[in-house]
Amino acid sequence: MQKLTYVVVVMLLPNLVAAQCAMCRAVLESEDNVAAAEGINNGIVYLMAIPYILVGVLFYVVYKKMNR
């Protein structure tokens, strides 16, 4: 029953997510709010970099353990 509820909720969320993306796009396309666009771009870079850093640390730890 919990899986069915989860699937239904996930199926309903794309409409909400798509609306948010349109709002971000409108902010970025407007010439007036440069600071907001820079903030959104910095947030995207931050969110993109964290998984790569974590995977890099994981590979480093595995590499060090394998070479002992």
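Now for a quick tour of the structure. The residue numbers shown here count from 1 along each chain, following its written sequence. The predicted origin of the model limits local features to residues at a pLDDT of at least 70 and limits the giving and counting of side-chain atom pairs to 80 or more, whereas totals for whole chains, interfaces and linings rest on all residues. The side-chain quantities take in all heavy atoms of the structure and omit both hydrogens and water.

Re the overall build of the chain
Helix numbering and strand numbering both begin at the N terminus, where a helix is a DSSP run of H or I of at least 4 residues and a strand a DSSP run of E of at least 2. The helix and strand inventory of the chain stands at two helices and zero strands. Between buried and exposed lies partly exposed: a residue is buried under 20% and exposed over 50% of the maximum accessible area for its type, with that area taken using a 1.4 Å probe on protein chains only. Here the chain, with 68 residues, has 1% of them falling under the buried criterion. For the accessible areas, the method is Shrake-Rupley and the probe is 1.4 Å, while residue cover comes only from the protein chains on display. Just so you have it, the chain exposes about 6,500 Å², and 71% of that area is on carbon and sulfur atoms.

Remarks on the environment of Arg 25
Positionally, Arg 25 belongs in helix 1 (residues 2–29). For the pair Arg 25 and Ala 37, spaced twelve residues apart in sequence, the C-alpha separation works out to 9.3 Å.

Considerations on a nonpolar patch on the surface
Each patch is built from salt-bridge-free residues with over 30% relative accessible area, joining like charges within 9 Å and nonpolar side chains (Val, Leu, Ile, Met, Phe, Trp, Tyr) within 5 Å. Salt bridges are defined as contacts in which a side-chain nitrogen from Lys or Arg sits within 4 Å of a carboxyl oxygen from Asp or Glu. A grouping of Tyr 46, Leu 47, Ile 50, Ile 53, Leu 54, Val 57, Tyr 60 and Val 61 is seen on the molecular surface, where their side chains present a nonpolar patch of about 830 Å² in accessible area. Residue placement: Val 61 occurs in helix 2 (residues 34–66). Judged by its relative accessible area of 38%, Val 61 is partly exposed.

So, the environment of Cys 24
Along the chain, Cys 24 turns up in helix 1. Cys 24 sits in the partly exposed class, given a relative accessible area of 29%. Separated by 13 residues in sequence, Cys 24 and Ala 37 place their C-alpha atoms 8.6 Å apart.

As far as function goes, none of this settles anything; it's purely spatial.
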